[in-house]
2 protein chains.
Amino acid sequence: MTLTISPLEGLPEVRPGADLASLVTKCHKVEDGDVLVLAHKVVSKAEGRVIRLDQVEPSARARELAGTEADARHIEVVLRESVRVVRTRGPLVIAETRHGFVCASAGVDASNAPEAGTRVLLPLDPDASARGIRTRLHELTGRKVAVIVSDSFGRPWRQGTTDVAIGVAGLGPLLDLRGRRDGSGYELRSTQIAVADELAGAAELVMGKTSGIPGAVIRGFAAEGDGSARDLVMPAERDLFR
Amino acid sequence: MTLTISPLEGLPEVRPGADLASLVTKCHKVEDGDVLVLAHKVVSKAEGRVIRLDQVEPSARARELAGTEADARHIEVVLRESVRVVRTRGPLVIAETRHGFVCASAGVDASNAPEAGTRVLLPLDPDASARGIRTRLHELTGRKVAVIVSDSFGRPWRQGTTDVAIGVAGLGPLLDLRGRRDGSGYELRSTQIAVADELAGAAELVMGKTSGIPGAVIRGFAAEGDGSARDLVMPAERDLFR
């Protein structure tokens, strides 16, 4: 099995209410079994998940965290998108989002915002976003395509971000090898592989942050099953790092 | 730029002292600019980094952690490979390795061990392993190939493992975007992308844990720079999760 990963080139600027699936079909021919990875920013923009800072009144907590280094209105947006603050250092906030993801700034993003003084938020329900795009792609093309909505997350202990899946449709995000044996007959230790995260990271390699390519199409991956990106969230009772 | 990721098929069982680069050239034709990703297990086996449990005397600490659930000799090997124990739960040990990586069991692996009662350890210096393979590939083929040695790591907060880079040669593991601007002229927030980890994860998608494919060749990635997988280790002073 050889995989190919092609950048999604030529997607126009995405406006609120945009039919993303239709825009995708105009710049890329999808086939059955393809995995379409879309950076969440285009999904969030299509869904109107953009906030203007001049409409945000920062709380005392936001002003305190922001100090003199950051815009307290930005921190206020981060806190509103958080259900739990995990760590802070100066104005840097690592938080748990409503979806259960732990990431910097609860996913609130200043880069790639449509205009100065705005912030792009994560989709309210990225699985639903992915499912909607998958369904609409099927309507438009007759093709069954798996869809991943991705974001760039940092990691404890390791430098740099990698793209991970925050929404999925038409694909099991975890490949479960429990019970399968390796070549020597041993039961495998790494029993679950986060393939949706590996696919999102692979797509990032052709997306080129600065060149405005907001997605990629992966061909040749035999997607199995179905599921939710929330399957990728470690349950609190198994989480050694809460 | 389209990437292709091809599994490294037909590699024979790797024995201590094996010339891995030579074995690779017998089953795959590499080109300038390719990225060869090798699962650390074949590298460790070639380097003789395998230990027999019957030659291990467990310490009191290992017996205590193992309890009745695990083999105290296995835990002893894990402790010997650790410079710092980060978390434990029952016999599960999350530890920092001599290289600075934080992972389960300090990378000590029972699956894919060459025989029962043995454990595969991480290479002593995976960057040196990668560099040696790169140099030898150049001798044999005249091609300049980047090399990544990979392992499957779990992550805090997220289920499932993803493959990451533990050794690199001929490639900068972090793509540094500091100072570059996005399409709207904003300075990018995610200033460094851990491309070596994304390449390792992408390779895993075609490796198929159970089918004995120990690597992959990625073509079409414009590798820049050079560096060490230790560049991927978060410096202690910037680490919010020590």
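The rules behind each value
Residues numbered from 1 in each chain as written. Chains lettered and ligands numbered in written order. Predicted model: local features only at pLDDT ≥ 70, side-chain atom pairs only at ≥ 80, totals over all residues. Helix = DSSP H or I, 4+ residues; strand = E, 2+ residues; numbered from the N terminus. Rg over C-alpha atoms; globule rule 2.2 N^0.38 Å. Contact = placed C-beta atoms within 7 Å. Axes fitted to C-alpha atoms, helices over the stretch in contact; angles between N-to-C directions. Parallel < 35°, antiparallel > 145°, perpendicular 65-115°, else oblique. Left-handed = near helix turned anticlockwise from the far one by under 90°. Nonpolar A, V, L, I, M, F, W, Y, C, P; charged D, E, K, R; others polar. Expected span 1.5 Å × (residues − 1). Buried ≥ 20, exposed ≤ 12 C-beta atoms within 10 Å, placed from the backbone. Pairing = 2+ DSSP bridges. Domains from an automatic or database assignment. Core = buried A, V, L, I, M, F, W, Y, C linked by C-beta atoms within 7 Å. pLDDT = per-residue confidence, 0-100.

1. What about the overall build of chain A?
- The number of helices and strands found in chain A is six helices and twelve strands.
- Relative to the globule expectation of 18 Å for 242 residues, the C-alpha radius of gyration of chain A, 19 Å, shows essentially globular dimensions.
- Each of the three principal axes of chain A carries a C-alpha extent, and together these read 55 × 45 × 25 Å.
- Partitioning the contacts of chain A with sequence separation of at least 6, the portion at a separation of at least 24 is 61%.

2. Focus on the packing of helix α1 (residues 20-27) of chain B against helix α5 (residues 126-141) of chain B
Residue and element names in this part refer to chain B.
- For the pair α1 and α5, the least separation of the axes is 8 Å and the interaxial angle reads 50°. It follows that α1 is oblique to α5 by the angle criterion. The way α1 lies across α5 gives a crossing that is right-handed. Counted together, L20, A21, S22, V24 and T25 of α1 and I133, R136, L137, L140 and T141 of α5 form the full contact between these two elements.
- A per-class count over the contact of α1 with α5 returns six nonpolar, three polar and one charged.

3. Let's talk about helix α6 (residues 195-207) of chain A
Residue and element names in this part refer to chain A.
- Compared with an ideal rise of 1.5 Å per residue, which puts 13 residues at 18 Å, α6 spans 18 Å between its outermost C-alpha atoms and is within 8% of the ideal.
- Buried residues dominate α6, accounting for 13 of its 13 residues.
- Just past α6, the residue G208 takes up positive phi, approximately 55°.

4. Quick word on the sheet that holds strand β6 (residues 102-104) of chain B
Residue and element names in this part refer to chain B.
- Pairing is antiparallel in the open sheet, where three strands are placed in the order β4-β5-β6. In this open sheet, the two strands that pair with only one neighbour each are β4 (82-89) and β6. Ignoring strand direction, the axes of neighbouring strands in this sheet form an average angle of 25°.

5. Concerning the domain arrangement of chain A
Residues and elements named next belong to chain A.
- When cut into domains, chain A gives domain 1 (1-48 + 123-235) and domain 2 (50-122).
- The C-alpha centroid of domain 2 is placed 25 Å from the C-alpha centroid of domain 1.
- Tallying contributions element by element places helix α2 (residues 40-46) first for the side of domain 1 that touches domain 2, with four residues.
- Of the residues belonging to the side of domain 1 that touches domain 2, the class tally is five nonpolar, four polar and four charged.

6. Quick look at the environment of I218 of chain B
- Residue position: I218 of chain B is located in strand β12 (residues 215-219).
- For I218 of chain B, the contacting residues outside a window of four places in its chain are L3, I5, D34, V35, V37, L199, A202 and A203 of chain B.

7. Concerning the sheet that holds strand β4 (residues 82-89) of chain A
Residues and elements named next belong to chain A.
- Strands sit in the order β4-β5-β6 across an open sheet of three strands; the sheet is antiparallel. Strand pairing shows two members of the sheet lacking a second neighbour, β4 and β6 (102-104), which therefore form its edges. Mean inter-strand twist for the sheet, computed between neighbouring axes without regard to direction, equals 25°.
- In terms of strand pairing, β4 meets strand β5 (residues 92-97) through six bridges, oriented antiparallel. Across the sheet, residue R84 finds its bridge partner in β5, namely E96.

8. Side note on the nonpolar core
- Membership of the largest hydrophobic core comes to 150 residues, with the highest contact counts inside it found for I148 and L199 of chain A together with L199 of chain B.
- Ignoring any residue separated from it by four or fewer positions in sequence, one finds L199 of chain A in contact with V35, V37, I148, I218 and F221 of chain A together with L205 of chain B.

9. Here we look at the confidence of the model for chain A
- Predicted confidence across chain A gives a mean pLDDT of 92, with 93% of residues reaching 70 or more.
- Reported confidences for the modelled complex are a pTM of 0.95 and an ipTM of 0.95.

10. Looking at unusual backbone geometry
- A positive phi angle, close to 75°, is found at W157 of chain A, a residue other than glycine.
- Mapped onto the fold, W157 of chain A is located in the loop between β8 (146-155) and β9 (158-169).
- Even without being a glycine, A106 of chain B presents a positive backbone phi close to 50°.
- Within the secondary structure, A106 of chain B sits in the loop between β6 and β7 (118-120).

11. Concerning the environment of K41 of chain B
- For K41 of chain B, the location among the structural elements is in helix α2 (residues 40-46).
- Taking the C-alpha atoms as reference points, K41 of chain B and D109 of chain B, 68 residues apart in sequence, are found 8.6 Å from one another.

12. Section: the pairing of β5 of chain A
Residue and element names in this part refer to chain A.
- Counted residue by residue, β5 has five buried out of six residues, so it is predominantly covered.
- As paired strands, β5 and β6 are joined by three bridges and run antiparallel to one another. The residue of β6 that forms the bridge with E96 is V102.
- Turn length for the β5-β6 hairpin, with the two strands adjacent in sequence and antiparallel, is four residues, and the turn residue G100 shows positive phi of about 100°.

13. A word on the environment of E64 of chain B
- Mapped onto the elements of the fold, E64 of chain B is located in helix α3 (residues 60-66).
- Taking the C-alpha atoms as reference points, E64 of chain B and V195 of chain B, 131 residues apart in sequence, are found 39 Å from one another.

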